[in-house]
Amino acid sequence: MAQLIATFQVYCSNRSLCHTLKTIHGAGYLTVPNQHTIARLQELTTAFCGGLFLTLSVGTGICMLSFVAAWAWDRAFFRKTAFLVFVLLIWAGLVAGFNWSGFSPFGSLYVLVIPPVVFAGALKWMPHGDRKKLLRNGLMQTIPIIVLGLLWAPQMKNDLFYDIRDHLLLGNPVGERIVDFYYQYTLYPAEALKSLDRKLLKTYHFGCRERIHHQGELRRSLSDHDWIETENFKNVDMILNGSVDALSLEDEKGTALKISTNEFLANPKAVLKQFSWLKDRNRFFRKFSFYSLLVGFPVTLYIFLYSFYFFILGKWPALGIGAFLSATLCFITALLFLTPLWLNDEKPIVQESRDQGVSAETAWMETEKNGEP
């Protein structure tokens, strides 16, 4: 379900980006992606591959939360109504969070569609038997994840993704293919969630030229901050309207910010950042996706690996030995993956990408500094 929603989300975003790029190209500017790449934006394959990154971040996060809720309600709270009400409140809070900064259609789809599917499926296929024994086995399988989480937590720093790429993936054929796939397709889902000030190409249009003064200074300021003027007022990121000494920064849905022309010219960077913040409906989505990528994705990998080991070892006649060995092997495998991150503190293999590269996680995870968004 997550992959279906993510594919449709990236496809819609790609079509919008394609239209914007064609408008910019028609105005005589060089576009990024260039004309040779634009055609790929409307391909379903591109949307599907780009959607994988959303599936493995926000999708896994929602799936994990839903599965944990179903497991806890069935195993730990024996399907008591009070705990189910608590779960429903958490669910309502997630819906509110995804729409807190404005209605987010795709965010709403993720959180409204996936949890009922996972919750119902988990309850349907969860094995029956002695609840205390099942609870004990569940805890035995969960403890390695908790320990690995404690070992993983210190690695959650600014350079985490670069460290994984440089010290874990690069240097072996499989890892290099993963890195190539990542840089080829993750810019598309990132574009769907970026705030306006993080986009490479941003467009604006003067709505009422005769009513706006200091147009030359405004153009220079906007150009200095990578805003491109277009004659087409449709599908632009910002429309400038105003009166004698006042500016109205608008989008296609209405006024977002009113400010005097002098205030804008005095600090255009801060004003444009505030406008971007007011238009941004994906703040919660990005943070949820980022932490899902840090937590939900590793747990999902652990579960798939556990399933693989258990498929081989689970047929052992001794009760519980297959589960114990599977969990132990998963734990050892995870330690082997974490070891390069602990041991390698030297400079990265690809130094320039830390300073100049554009990646999905840096576009998603935006922090607040000095109290300003």
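Now for a description of the structure that goes with this document. Counting restarts for each chain, with residues numbered from 1 along the sequence as it is written. The predicted origin of the model limits local features to residues at a pLDDT of at least 70 and limits the giving and counting of side-chain atom pairs to 80 or more, whereas totals for whole chains, interfaces and linings rest on all residues. Hydrogens and waters are ignored; side-chain quantities use all the structure's heavy atoms.

A look at the pairing of strand β1 (residues 202-206)
Thinking step 1. Buried residues are those whose accessible area, probed at 1.4 Å on protein chains only, stays under 20% of the maximum for their type, while exposed residues exceed 50% and partly exposed ones sit between those limits. Numbering goes from the N terminus for both helices and strands, where a helix is a DSSP run of H or I of at least four residues and a strand is a run of E of at least two. With 5 of its 5 residues buried, β1 lies for the most part within the structure.
Thinking step 2. Where burial is concerned, the two faces of β1 agree: the one with K202, Y204 and F206 and the one with T203 and H205 are both buried.
Thinking step 3. Two strands form a pair only when DSSP identifies at least two bridges running between them. Pairing of β1 with strand β2 (residues 227-229) involves 3 bridges; the strand directions are parallel. Within β2, the position partnered with Y204 by the bridge is E229.
Thinking step 4. Both β1 and strand β3 (residues 238-242) contribute to a ladder of 3 bridges, which runs parallel. Paired with Y204 across the two strands is M238, which belongs to β3.

What to know about the packing of aromatic side chains
Thinking step 1. Planes of paired rings set the category: under 30 degrees apart is stacked, over 60 is edge-to-face and the rest tilted, where pairs are Phe, Tyr or Trp rings (Trp by its six-membered ring) whose centres lie within 6.5 Å. Using the criterion set out here, one finds 17 aromatic pairs in the structure.
Thinking step 2. When the ring of F181 is compared with that of Y185, the centres are 4.9 Å apart and the planes differ by 45°; the resulting orientation is tilted. Linking F181 with Y185, this pair stays in helix α8 (residues 173-185), spanning 4 residues, or about one helical turn.
Thinking step 3. Residue classification places Y185 among the buried positions, given a relative accessible area of 12%.
Thinking step 4. A centroid spacing of 5.6 Å and a plane angle of 90° characterise the contact between Y204 and F206, whose relative ring orientation is edge-to-face.
Thinking step 5. Looking at Y204, the relative accessible area reads 2%, which means it is buried.
Thinking step 6. A relative accessible area of 1% means that F206 is categorised as buried.
Thinking step 7. The rings of F98, Y110, F284, F285 and F288 are connected pair by pair, giving a single aromatic cluster.
Thinking step 8. Distance and angle both matter: a charge sits over a ring if NZ of Lys or CZ of Arg is within 6 Å of the ring centre and within 35 degrees of the ring normal. Directly above the aromatic system of W277 lies the positively charged group of R283, at a separation of 4.2 Å from the ring centroid.

So, helix α13 (residues 283-313)
Thinking step 1. For α13, built from 31 residues, the straight-helix expectation of 45 Å at 1.5 Å per residue is met to within 8% by its first-to-last C-alpha distance of 44 Å.
Thinking step 2. A maximum bend of about 45° is found in α13 at S292. Helix span is expected to be 1.5 Å times the residue number reduced by one. Note on bend: at a given residue it equals the angle between the axes fitted to the 7 residues ending there and to the 7 starting there.

Here's the deal with unusual backbone geometry
Thinking step 1. Within the chain, R79 stands out as a residue other than glycine whose phi angle is a positive 60°.
Thinking step 2. One non-glycine residue, D226, adopts positive backbone phi at about 65°.
Thinking step 3. Inspection of the secondary structure assignment puts D226 in the loop between α10 (215-224) and β2.
Thinking step 4. Among the residues examined, D226 registers a relative accessible area of 48% and is labelled partly exposed.

Quick word on the pairing of β3
Thinking step 1. Counting buried positions over the 5 residues of β3 gives 5, a clear majority of the element.
Thinking step 2. With burial as the criterion, each face of β3 is covered, one bearing M238, L240 and G242 and the other bearing I239 and N241.
Thinking step 3. Strand direction decides the pairing type here: β3 and strand β4 (residues 246-251), joined by 4 bridges, are antiparallel. The residue of β4 that forms the bridge with I239 is E250.

Comments concerning the pattern of salt bridges
Thinking step 1. Should a side-chain nitrogen of Lys or Arg be within 4 Å of a carboxyl oxygen of Asp or Glu, the pair is scored as a salt bridge. Summed over all chains, the structure comprises 7 salt bridges.
Thinking step 2. Linked by salt bridges that have partners in common, D74, R75 and R79 make up one network.

Re the nonpolar core
Thinking step 1. The definition of a nonpolar core used throughout is a set of buried Ala, Val, Leu, Ile, Met, Phe, Trp, Tyr and Cys residues joined through side-chain atoms within 4.5 Å. Among the nonpolar cores identified, the biggest contains 29 residues, and L41, L54, V58, I62, F98 and Y110 are the most heavily contacted of them.
Thinking step 2. Mapped onto this core, the elements with two or more residues apiece are α1 (2-26), α3 (44-76), α4 (81-98), α5 (105-125), α9 (187-193) and α13.
Thinking step 3. Ranked by the residues each element gives to this core, the list is headed by α1, at 8 residues.
Thinking step 4. Contact between two residues is taken to exist if any of their heavy atoms lie within 4.5 Å; hydrogens are not considered. When neighbours within four sequence positions are excluded, Y110 is seen to be in contact with A2, I5, A6, Q9, L54, V58, I62, P115 and F285.
Thinking step 5. With 18 residues, the next largest nonpolar core counts L160, L294, A323 and L338 among its residues.

These figures come from the coordinates and say nothing about function on their own.
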